[in-house]
Amino acid sequence: KAGVTQTPRYLIKTRGQQVTLSCSPISGHRSVSWYQQTPGQGLQFLFEYFSETQRNKGNFPGRFSGRQFSNSRSEMNVSTLELGDSALYLCASKEEVTGNTEAFFGQGTRLTVV
Amino acid sequence: AQSVTQPDIHITVSEGASLELRCNYSYGATPYLFWYVQSPGQGLQLLLKYFSGDTLVQGIKGFEAEFKRSQSSFNLRKPSVHWSDAAEYFCAVGARGYSTLTFGKGTMLLVSP
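Residues numbered from 1 in each chain as written. Chains lettered and ligands numbered in written order. Predicted model: local features only at pLDDT ≥ 70, side-chain atom pairs only at ≥ 80, totals over all residues. Heavy atoms only, no water.

Caption draft 1: Representation of the overall build of chain A within the structure. Along the backbone of chain A there are zero helices and eleven strands. Seen through its C-alpha atoms, chain A measures out along the principal axes to roughly 40 × 25 × 25 Å. In chain A, which comprises 114 residues, the share counted as buried stands at 50%. Sequence-distant contacts, at least 24 apart, represent 55% of the contacts inside chain A between residues at least 6 apart. Carbon and sulfur atoms make up 46% of the accessible area of chain A, which totals about 5300 Å². Here chain A contributes 12 positive and 8 negative side-chain charges, whose respective centroids are spaced 6 Å apart. (Helix = DSSP H or I, 4+ residues; strand = E, 2+ residues; numbered from the N terminus. Buried < 20%, exposed > 50% of the residue type's maximum accessible area, 1.4 Å probe, protein only. Contact = heavy atoms within 4.5 Å. Areas by Shrake-Rupley, 256 points an atom, 1.4 Å probe, with all protein chains shown as cover. Lys, Arg positive; Asp, Glu negative; His and termini not counted. Charge placed at Lys NZ, Arg CZ, Asp CG, Glu CD.)

Listed below in structure tokens is the structure:
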């Protein structure tokens, strides 16, 4: 089985722009979560989608949004980029949000805001 | 609220020596516990997990971890470290049926020749 695929791997954007990141989960996995990783704050949960519905949301401003499609692929969008949004954005997929399942992570998208 | 503490930011171990990385968690019920490893510029790879049952769990790459409820700990161990184990290690906790994981700040493992 292919793993979690995130595209693109690297992005450089200018302050004020917007960006869309993509995540394709492992085949058959219906839950997709997004995390932001920075040296200062570590790994922080952004949001989780299951069957095209947002199930949970972390403590991030409304500039951060996401969605999930019927094939479980997910996108996250960040509008009006700020320098502090520079981070590694990680996507994780799980088979389903019930019981004994583990999250598998992608390689991440490295976003640099200049 | 759940939280995870990894008290050691950096650890240096000689190749061939044993390793123990500490993890303490705070959670009101029985947690789901995980250890992940991250190489520079890469994503997270799951080393092992604890959901229930035997408190000593085996993972990939020769790692093991022991869940100690009385100490709220889930320490990661390896009997003999290889240079390729140099990476950052993250402990994480989730609730049953979790939709979010709470991670520790990570421990950077350096392996000396």
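Caption draft 2: Expanded view of the state of the cysteines. Per the stated rule, a full pass over the model turns up two disulfides over all chains. Put simply, cysteine 23 of chain A and cysteine 91 of chain A are joined by a disulfide, and their sulfur atoms are 1.7 Å apart. Judged by the sign of its S-S torsion, about -55°, the cystine formed by cysteine 23 of chain A and cysteine 91 of chain A is left-handed. A residue pair is termed long-range when its members are at least 10 positions apart, and cysteine 23 of chain A in strand 3 (residues 19-24) and cysteine 91 of chain A in strand 9 (residues 87-94) qualify at 68 residues. Residue cysteine 23 of chain A shares its accessibility class with cysteine 91 of chain A, and that shared class is buried. Disulfide partner of cysteine 23 of chain B: cysteine 91 of chain B, at an S-S distance of 2.0 Å. One disulfide, between cysteine 23 of chain B and cysteine 91 of chain B, carries an S-S torsion of -65° and so falls in the left-handed class. Residue cysteine 23 of chain B is found in the loop between strand 3 (19-21) and strand 4 (24-26), and its partner cysteine 91 of chain B is found in strand 10 (residues 87-94); the two are separated by 68 residues along the sequence. (Disulfide = S-S within 2.5 Å.)

Caption draft 3: A look at the nonpolar core. Residue and element names in this part refer to chain B. In this structure, Leu19, Trp35, Leu47, Leu48, Phe74, Leu76 and Tyr89 are the most contacted members of the largest nonpolar core, which totals 26 residues. Mapped onto this core, the elements with two or more residues apiece are strand 2 (10-14), strand 3, strand 5 (32-38), strand 6 (44-50), strand 8 (64-68), strand 9 (73-78), strand 10 and strand 12 (107-112). A total of four residues in this core trace back to one element, the largest contributor, which is strand 10. Excluding residues that lie within four positions of it along the chain, phenylalanine 74 makes contacts with Cys23, Leu33, Phe34, Trp35, Leu48, Tyr50, Val57, Ala65, Glu66, Phe67 and Cys91. (Core = buried A, V, L, I, M, F, W, Y, C linked by side-chain atoms within 4.5 Å.)

Caption draft 4: Quick look at the side chain of serine 73 of chain B. Among the structural elements, serine 73 of chain B can be located in strand 9. For serine 73 of chain B, the contacting residues outside a window of four places in its chain are Cys23, Asn24, Tyr25, Glu66, Phe67 and Lys68 of chain B.

Caption draft 5: Local environment of the side chain of glutamine 6 of chain B. Within the element layout of this structure, glutamine 6 of chain B appears in the loop between strand 1 (3-5) and strand 2. When near neighbours in sequence (up to four residues on either side) are disregarded, glutamine 6 of chain B contacts Arg22, Trp35, Tyr89, Phe90, Cys91, Gly104, Lys105, Gly106 and Thr107 of chain B.

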